[in-house]
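One-letter residues, chain by chain:
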Amino acid sequence: MFFREWERRAPGESRDIGRARALAGALGVLAPDAPVLTVVGSKGKGTAATYASAFLAAAGLRVCTVTSPGLRTDRDRIRINGQAVSEEELAILAAALEEGIGTLPPPSDGYLSPSGLFLLAGVLHAGRASADALVLEAGMGGRSDEVALFPPDVAAITPVFLEHAGVLGDTEAEIAQEKFGVAGPGTIVLSAPQSAPVTEVLRGADVVGPGGAALPDDLLPAGLGRAAAELGVAAARRMPGVTEPPAEALREVLASIVLPGRTSRHDVPGSATRLLIDSAIDRTGVAAALAAARKTWGTIDHAVVCLPDHKDVDGAIAELGALPVTFIRLPLPHLRFTRPLPPGWDVVGSSAITPESLATLGHRVVVLGTGYFTGHVLDVIDADTERLFVTSAARRPSGSGA
């Protein structure tokens, strides 16, 4: 159901936000009962959303988080207090959306996008689960994304760069304007540090610089994810009615955060191979991931990379240098893999990635690329993505008192 109209779309057809609005109205979710924190940007949205959600949960709120894409499965696009919904819950939500779509006219000049349908399912689930707060991650863009159907109380803008050029805009400034468009008249807007052209567009936004979350270093991720984490926490603090969590509760929850696919480390089952997996999509991200791997291991035996044409392939090539590389081409019709690659790189399809093939690449392997690809690798090695953080209530033994 989530992918049906997208898979049937005609060449040149785009997502139909008006039809998504009509579906939201049919579902009764256009005015959520809970305050909304929306995360937009080019990089770091998932990290910001996770840390914002964890902060709100530490403050005692029941938080529904909707992110895109999923880490391993579509279930983990929708979470309550960090826990992915079950197969049964997702099936129930899909049935509700199917019923709602049945009340709409058939598609004419656009389609209901998968990310938009998961977003609507998440907002619906938030109401049914009596969530106290919603944290929504934009699929792509801001004003043109389905997330704009739910004017946020707080918007967090992670670093913006030239991504989806020609779709969201032709310059950094135009792309920033599109993402900034998610904010309504009463929205509090916070931003990570940005380039000069983006900063000019985001005038009026509160900038969250290093140390802006007022958290100890050991509660924040290393590397590029730190700025997004601080932004998420700072944004969560500005949500209506939120009070500062007790220091011990905040430390407990933030210390429990795991970020699969963001410089996360994993064992390959049945082997001595260790992976560092990071959803790096540009030269800066690739450099940071390689630096983290070398800091941990000293050396890198191999890199497995998946970057479609619209990502910074040239920048990645420059940073990877003489490392042995296996390049992966995903069999997804909306992604193109036509950019020239170094002649020494191996090129294979995603089906070639198995625990056995990864184990042949050495003991220290870096996996880099889009969220779709890193999610595929997490699935291949059966990484645990069920829970992103643990609240005090989740730690409490079953049947115990308050």
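First things first, this report covers the structure right here in the doc. (Residues numbered from 1 in each chain as written. Predicted model: local features only at pLDDT ≥ 70, side-chain atom pairs only at ≥ 80, totals over all residues. Heavy atoms only, no water.)

**What to know about the overall build of the protein chain**
Rules: Comment: elements are numbered from the N terminus, with helices defined as DSSP H or I runs of at least four residues and strands as E runs of at least two. Only the C-alpha atoms count toward the radius of gyration. The rule for a globule is 2.2 Å times the residue count to the power 0.38. Working definition: with a 1.4 Å probe on protein chains only, accessible area under 20% of the residue-type maximum means buried, over 50% means exposed, and in between means partly exposed. Any two residues having at least one pair of non-hydrogen atoms within 4.5 Å are treated as being in contact. Each accessible area is a Shrake-Rupley estimate made with a 1.4 Å probe; only the visible protein chains count as cover when residues are assessed. His is not counted, nor are the chain ends, whereas Lys and Arg count as positive and Asp and Glu as negative. Just so you know, the charge point we use is NZ for Lys, CZ for Arg, CG for Asp and CD for Glu.
Across its full length, the protein chain carries 14 helices and 14 strands. Relative to the globule expectation of 21 Å for 402 residues, the C-alpha radius of gyration of the protein chain, 21 Å, shows essentially globular dimensions. Structurally, the protein chain occupies a C-alpha span of about 55 × 55 × 45 Å along its principal axes. For the protein chain, the proportion of its 402 residues judged to be buried stands at 52%. A separation threshold of at least 6 residues defines the contact pool for the protein chain, and within that pool the share at least 24 residues apart is 73%. Carbon and sulfur atoms make up 53% of the accessible area of the protein chain, which totals about 16800 Å². A distance of 2 Å separates the average location of the 35 positive side-chain charges in the protein chain from that of its 45 negative side-chain charges.

**A word on unusual backbone geometry**
Looking along the chain, the bond that leaves S68 and enters P69 is cis, with omega of -5 degrees. Assignment of secondary structure puts P69 in the loop between β2 (63-66) and β3 (78-80). Its identity as a non-glycine residue notwithstanding, S130 has a phi of 55 degrees, on the positive side. Residues other than glycine seldom take positive phi values, yet A214 does so here, at roughly 55 degrees. Within the secondary structure, A214 sits in the loop between β8 (206-207) and α8 (225-237).

**A few points about the packing of helix α2 (residues 17-27) against helix α5 (residues 114-128)**
Applicable threshold: Fitted lines through C-alpha atoms give the axes, limited to the stretch in contact for helices. The angle between two N-to-C directions lies from 0 to 180 degrees. Any angle between 65 and 115 degrees counts as roughly perpendicular, while under 35 counts as roughly parallel, over 145 as roughly antiparallel, and the rest as oblique. Left-handed describes a crossing whose near helix is turned anticlockwise from the far helix by less than a right angle; the clockwise case is right-handed. Each residue gets one of three labels, nonpolar for Ala, Val, Leu, Ile, Met, Phe, Trp, Tyr, Cys and Pro, charged for Asp, Glu, Lys and Arg, and polar for the others, Gly among them.
Remark: α2 packs on α5, axes separated minimally by 11 Å, with the N-to-C direction vectors making an angle of 20 degrees. Taken together, the axes of α2 and α5 are roughly parallel relative to one another. Seen along the crossing, α2 lies across α5 with a hand that is right-handed. Between α2 and α5, the residues in contact are A20, L23, A24 and L27 and L117, L120 and L124, respectively. Across the contact of α2 with α5, the residue classes tally to 7 nonpolar, no polar and no charged.

**A closer look at the pairing of β2**
Convention followed: By the convention used here, strands pair only if DSSP detects at least 2 bridges between them.
Residues V63 and T65 line one face of β2 and the alternating positions C64 and V66 line the opposite face, and both faces are buried. Bridge analysis of β2 against strand β5 (residues 133-137) gives 4 bridges, and the strand direction is parallel. Note on β5: the bridge partner recorded for C64 is L134. Summarising the sheet, β2 and β3 pair through 3 bridges and their orientation is antiparallel. Bridging from a neighbouring strand, T65 pairs with R79 of β3.

**Quick word on the sheet that holds strand β14 (residues 364-369)**
On the basis of which strands lie adjacent, the open sheet formed by 6 strands has the order β9-β10-β14-β11-β12-β13 and mixed pairing. With one partner strand each, in any of the chains shown, β9 (264-267) and β13 (346-349) form the two edges of the open sheet. Pairwise comparison of adjacent strand axes, ignoring direction, gives a mean angle of 25 degrees for this sheet. With 4 bridges connecting them, β9 and strand β10 (residues 274-278) associate as antiparallel partners. Across the sheet, the residue bridging to R265 is L276, located in β10. Contacts between helix α13 (residues 371-380) and the sheet are confined to β9, β10, β11 (302-306), β12 (325-329) and β14, with β14 contributing the most and set at about 140 degrees to the helix.

**Some points on the sheet that holds β5**
Spatial strand order, β4-β3-β2-β5-β1-β6-β7-β8: 8 strands in an open sheet with mixed pairing. In this open sheet, the two edge strands, each paired with only one partner strand, are β4 (83-84) and β8. When strand β1 (residues 36-40) meets β5, the two strands line up parallel, connected through 4 bridges. Of the residues in β5, the one forming a bridge with L37 is V135. Lying over the sheet, helix α3 (residues 45-58) contacts β1, β2 and β5, oriented at roughly 170 degrees with respect to β5.

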